[in-house]
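# Coordinate analysis (summary)
Chain by chain, the residues run as shown.
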Amino acid sequence: MAFDVDLVILGGGCAGLSLAWRLSGLGAECPSTLIAEQRATYVNDRTWCFWSNNDTKVEPLVLQQWQWLQLEAHGRSIRFDCGKVPYQMLASSDFYEHACQAIKGSSSVSLSLDTAVIAEPRKVSAGWAIETSQGTITARMVVDTRPDQAPKKGKAALWQSFYGHEVVCDIEVFDPACAVLMDFSVSTSRQIPFTYVLPISRHRAMIEATVFGPDPLCPMDLVAQLEAAKLKYVGDASFCVVRSESGILPMGLKKQPARPDSGYVKVGVMAGAARASSGFAFQRIQQWAENCSLAIAAGRGVVGQAKDPWVLRQMDHLFLKVIGTEAQIAPDLFLSIFDKADSASVIRFLSGRGTLKDYLQIIAALPAKHFVRQLLVPRFPQFSSNPAK
Ligand SMILES: Cc1cc2nc3c(=O)[nH]c(=O)nc-3n(C[C@H](O)[C@H](O)[C@H](O)COP(=O)(O)OP(=O)(O)OC[C@H]3O[C@@H](n4cnc5c(N)ncnc54)[C@H](O)[C@@H]3O)c2cc1C
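One structure accompanies this document, and this report is about it. Values in this document were obtained by computation on a predicted structure and should not be read as measured data.

On to the nonpolar core. With 110 residues, the main nonpolar core has Val8, Ala20, Met251 and Ala273 as its most contacted residues. Among the elements that line this core, the one with the most residues is strand 12 (residues 156-169), at eight residues. Setting aside anything within four residues of it in sequence, one finds Ala273 in contact with Ala15, Val267, Gly268, Ala281, Arg284, Ile285, Trp288 and Gln305.

In structure tokens form, the structure reads like this:
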């Protein structure tokens, strides 16, 4: 059977564009590729933060970086020096623009905006047929980045829900050298609320209300927390809100049956891209996109998110079990990690690039009694960072 294209990418967000951007640089080895994206246009809908790993694609787009990170809980405050690996921020609009420019320059890759996938892909001979709002597309391989699972209690061990406002103040109120990673409010038995502040200049910052908890929360649920956070960080200054963003990220997705078909992978934030214990996904998506484009170029077909090492999965599972059942101690656990473990180890661990030595450093920084107790408690949702594996 002749297909319309070799590869169709369903969804042109972070994962879809990251792969397409890399494929467009393959030249003659690039398969004919179509990205079906439902949006009509891209806007600056989110900012991505991560610790630098010298990625040559995204590093030149970094808008702001911080040498220092602050964590606060119960009146105690620590400042964490990121050493050689500053915490960096990228505006999604810059990422979308550069990825789209690279795709435009390729004769093999095209982006079809305003194209919604309207039915589940069907297997046809040695490929796939995809019904879209613009007609049917047939392809030999499919990379499906659609976040098809609506955030729903029970689908993840915990959810990270957040709602933020980017504010511009009339006077200087922020310290652009230091971002506030976690400023904890009082946890309840089920929820861990905290504020996240990303200063872009002395006048401008993104202030976000965040909650780790068993229920996914919408922006309306977070309004009061966000207003309190703005009051704390902006004080008496007059300010205006220039942008807002919100999200609900899974922390430990429940295991799902693996899809047996070759030539079809599900990827993205609802398919293992979000790190179970932190929700960080951007760098993991970049790493997956690199691996997938290399596999395609080598004729090995499409590949999904790589499975995390066994030790990391066990650590994430135990950590989520502890904070999921004893939410009140979570602020102290986070402060302990940042305070006691070596900064390079913490950053490698949170970025998913940790070594066994780093894991041991993190374990040594945590009070053992809570973890030993949880090891003896069997009932907690089984999850996987790579739910389709
Ligand atoms: C506001 C926000 C801030 C975040 N900040 C960070 C951060 O600082 N650091 C970090 O590591 N991670 C962060 N994340 C998490 C993660 O990096 C992002 O969610 C990232 O965008 C996930 O990429 P994705 O491709 O899986 O999903 P998306 O980027 O959401 O892409 C999915 C795409 O699929 C399209 N789509 C959906 N359904 C259809 C359909 N039926 N047909 C066609 N197209 C469809 C959507 O329009 C979208 O473009 C953040 C997430 C959000 C929401």
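Attention shifts here to helix 3 (residues 219-234). Where helix 3 bends most, at Gln225, the angle is about 30°. Within helix 3, burial applies to Leu222, Gln225, Leu226, Ala229, Lys230 and Tyr233. The secondary structure elements touched by the buried residues of helix 3 are strand 12, strand 14 (192-199) and strand 15 (204-213). Following helix 3 by one or two positions, Gly235 adopts a phi angle in the positive range, close to 60°.

Here the focus is the sheet that holds strand 7 (residues 87-91). Across the sheet, three strands lie side by side as 3-7-4; this open sheet has antiparallel pairing. Two strands close off the open sheet at either side, each with one partner strand: strand 3 (47-51) and strand 4 (64-66). Across the sheet, the axes of successive neighbouring strands diverge by a mean angle of 20°, strand direction being ignored. Bridge analysis of strand 4 against strand 7 gives three bridges, and the strand direction is antiparallel. Residue pairing across strands places Gln65 opposite Gln88, the latter belonging to strand 7.

Cut-offs and rules
Residues numbered from 1 in each chain as written. Predicted model: local features only at pLDDT ≥ 70, side-chain atom pairs only at ≥ 80, totals over all residues. Core = buried A, V, L, I, M, F, W, Y, C linked by C-beta atoms within 7 Å. Buried ≥ 20, exposed ≤ 12 C-beta atoms within 10 Å, placed from the backbone. Helix = DSSP H or I, 4+ residues; strand = E, 2+ residues; numbered from the N terminus. Contact = placed C-beta atoms within 7 Å. Bend = angle between axes of the 7 residues up to and from the residue. Pairing = 2+ DSSP bridges. Axes fitted to C-alpha atoms, helices over the stretch in contact; angles between N-to-C directions.

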